[in-house]
Amino acid sequence: MSKILMKGNEAVGAAAIKAGCKYFFGYPITPSSEIPEYISRKLPEAGGVFLQAESEIAAINMVYGAGGAGARVMTASSSPGISLKQEGITYCAGAEIPCVIVNMMRGGPGLGSIQPSQADYYQSTRGGGNGDYRTLCYAPSSIQELVDYIMLAFDKADYYRNPVLIAADGMIGQIMEAVEFKEPEPIELPPKDWATTGTGGKRKPVIVNSLYLQAEELQEHNKNLEKKYKVMEENEVRYEAFGLEDAEVVCVAYGTTSRIVKTAIKQAQAKGIKVGMIRPITLWPYPYDIYKQIGPNAKGILGVEMSLGQLTDDIKIGIAGRLPVYFNGTQGGMVPTPGSILAEIEKIAGGTK
Amino acid sequence: MARGKVTFNDDACKGCELCVAVCPVKIIELNKGKINSKGYSPAQVTDQEKCIACGNCAIMCPDSVITVERL
Amino acid sequence: MTIVYEKSKGLTDTPFHYCPGCTHGVIHKLVAESLVELGVLDDAIGVAPVGCSVLAYNYFNCDMQEAAHGRAPAVATGIKRVHPDKVVFSYQGDGDLASIGTAEIVHAAHRGEKITTIFVNNAIYGMTGGQMAPTTLVGQKTTTSPFGRDEAHCGKPIRMSELLATIDGAKFVERVTVDTPANIRKAKKAIKRSFECQIKGEGFAIVEVLSTCPTNWGFTPLKALDWLRDNMIPYYPLGNFRDFEEGK
């Protein structure tokens, strides 16, 4: 299939429909409103249902109902809206309801700004809702990746019976790029025999539920969830990495920021500095093990992100005290420049050669 | 007048007495001589012969303890 | 020998956890009997709330989902949109529906969502131990209105049926109670009709059932029924507020 030019938010909708998503419940918010707009036009053609909910809270609970009834279902929003969805996300995690949630991140806290941000990293990776749970979280850095990972997200959600997040910064939602809609690799999925479809008088009733009043039972449920999360940690880590063996400086960044970092790395290399890079594609599970591949010449690790150093905490876990960790970030909707990143790389490397 | 038979699922009874209050022929009372597995004195019929099979007791019972048959 | 009354096949064998004399049990029976008599039990999907009836999913003999507090109408919406040919209902208390979930119930009604809601109003939060609800009567003492509900401080109780009946998408709205066998029969008729409203595709249907909470009101089950009759019914008048057939 040939490439077409698409805006990120519209590509979200197109990818979801291509992946067989039949239900979308959402509420408008900048900078992700083009997602429900696109889907409201296109999903009915595909035999699906778009419904604008009265709030993000209602939208995610409609997702719970639809996902629990066996459907492929998605919602999308931006940061303050995702905060409102946290209640529903933890219920989906607890009741093991597959669903896909897209966050086009904007500046915070509170109402914040409408410009791109990566300040929902903690919320995306540590669980914004209550309780011990994990959500698989993809962080695309291009419209192509956005499309690929949204399509994959539906399969992973069904496979693991778990919510899957797409954590993209607002920039990814707003830019246009050429994108190809590839056929997803076929994956064998378990039957949804747990879903509420009506017994039809042919089977016993099923219950979709996250309540376990007995502590022993809840602990067993928690441990079963943990087992599932361990499998995800073993099998679902994705990243891009290069130049780690002989790097003097290793940059870590994801999403839009990773693209700016790549420009800065080229500029540093032109000045003779050896710079490696780690780009997490899954923010959870996080690629901690890749830090072991960083060679002996490294003087420090530089985390670059559009937040106050949330990703940088995971870098510290990954490097486990072996190297100093530096942080270079922008906040509030400001986007880092290659120049500022280059200056930080030079400082860590000890000046240009 | 129809005649009826009332049977109680004794162990499901919580002794709330709602059935006692709605019986038009006043033939239900709590069996104070018995304690069921839930720890309550369950309801019982004192004079089955007088039952008119109206079903009020069973309709009123929140715990579906009572079955009423018309003889 | 004919059976005049026996436990409904629409209920499971699990004994109710409700306190002695709590009329939740009566209302459960009416929902189950209605589903069976309409022949839709096997097509039914229910949504349980948070509150005393949180465990309702163990009692109805059909597929069930457990919703977050107040969100049952949104969850039911999600289910109904996926399975428009199934009979979807939410079962909610007054804290769930009239407080934390007001947005969800109002908008389910406003969309004309083809679901049925059974709304149990007992003027108190039962499960959490008898706190004040939006439906608590003026002067009524609860654990968070220890001197009695003060109108000047927290307003008068909300009448949800009257409120919802102003919404075009609500096609069946009726308030009933279950204090006597006669009223239970009327309540059953209303609940059945609320399911018929959905089955016929008319729109949103709700039955508000005035119910007792002997434990938290501090009465015996029989005294609680008296209190309901003397205090709740005068403030929450029984009757039909909306029917999908004109003149009904």
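Nothing here was measured: the structure is a model prediction, and the numbers come from that model.

1. Observations regarding the arrangement of the chains
For this structure, the chain pair with the highest number of contacts among 2 pairs of chains in contact is chains A and C. Considering only C-alpha positions, the minimal separation of the non-contacting chain A and chain B is 19 Å.

2. Describing unusual backbone geometry
A cis amide bond links Gly108(A) with the next residue in sequence, Pro109(A), at an omega value of 5 degrees. Residue placement: Pro109(A) occurs in the loop between β5 (99-105) and α5 (121-125). For the peptide bond that leads from Trp284(A) to Pro285(A), omega is -5 degrees, which places it in the cis range. With respect to the element layout, Pro285(A) can be found in the loop between β13 (282-284) and β14 (300-305). With a phi close to 60 degrees, Ala53(B) is a non-glycine residue in the positive phi region. Position of Ala53(B) among the secondary structure elements: in the loop between β3 (43-45) and α2 (56-60).

3. Details of the interface of chain B and chain C
Accessible area lost upon the coming together of the parts serves often as the stated size of an interface. Across the contact, 25 residues belong to chain B and 24 residues belong to chain C. Sorting the residues of the side of chain B that touches chain C by element identifies α1 (18-22), α2 and β4 (66-70) of chain B as the ones contributing at least two each. The greatest single-element share of the side of chain B that touches chain C, amounting to 5 residues, is contributed by β4(B). Along the lines of polarity and charge, the residues of the side of chain B that touches chain C split into 14 nonpolar, 6 polar and 5 charged. Pairing of β4(B) with strand β1 (residues 2-5) of chain C, which is carried by 3 bridges, proceeds in the antiparallel orientation. For Val68(B), the partnering residue across the bridge sits in β1(C) and is Tyr5(C).

4. Some details on the domain arrangement of chain A
What the domain assignment reports for chain A is domain 1 (4-235) and domain 2 (240-347). For the side of domain 1 of chain A that touches domain 2 of chain A, the leading source of residues is α5(A), giving 4 residues.

5. Concerning the environment of Ile105(C)
Residue and element names in this part refer to chain C. Relative to the assigned elements, Ile105 resides in helix α4 (residues 102-110). Classification of Ile105 by C-beta neighbours within 10 Å gives buried; the count is 29. Taking the C-alpha atoms as reference points, Ile105 and Pro146, separated by 41 residues in sequence, lie 29 Å from one another.

The rules we used
- Residues numbered from 1 in each chain as written.
- Chains lettered and ligands numbered in written order.
- Predicted model: local features only at pLDDT ≥ 70, side-chain atom pairs only at ≥ 80, totals over all residues.
- Contact = placed C-beta atoms within 7 Å.
- Helix = DSSP H or I, 4+ residues; strand = E, 2+ residues; numbered from the N terminus.
- Nonpolar A, V, L, I, M, F, W, Y, C, P; charged D, E, K, R; others polar.
- Pairing = 2+ DSSP bridges.
- Domains from an automatic or database assignment.
- Buried ≥ 20, exposed ≤ 12 C-beta atoms within 10 Å, placed from the backbone.

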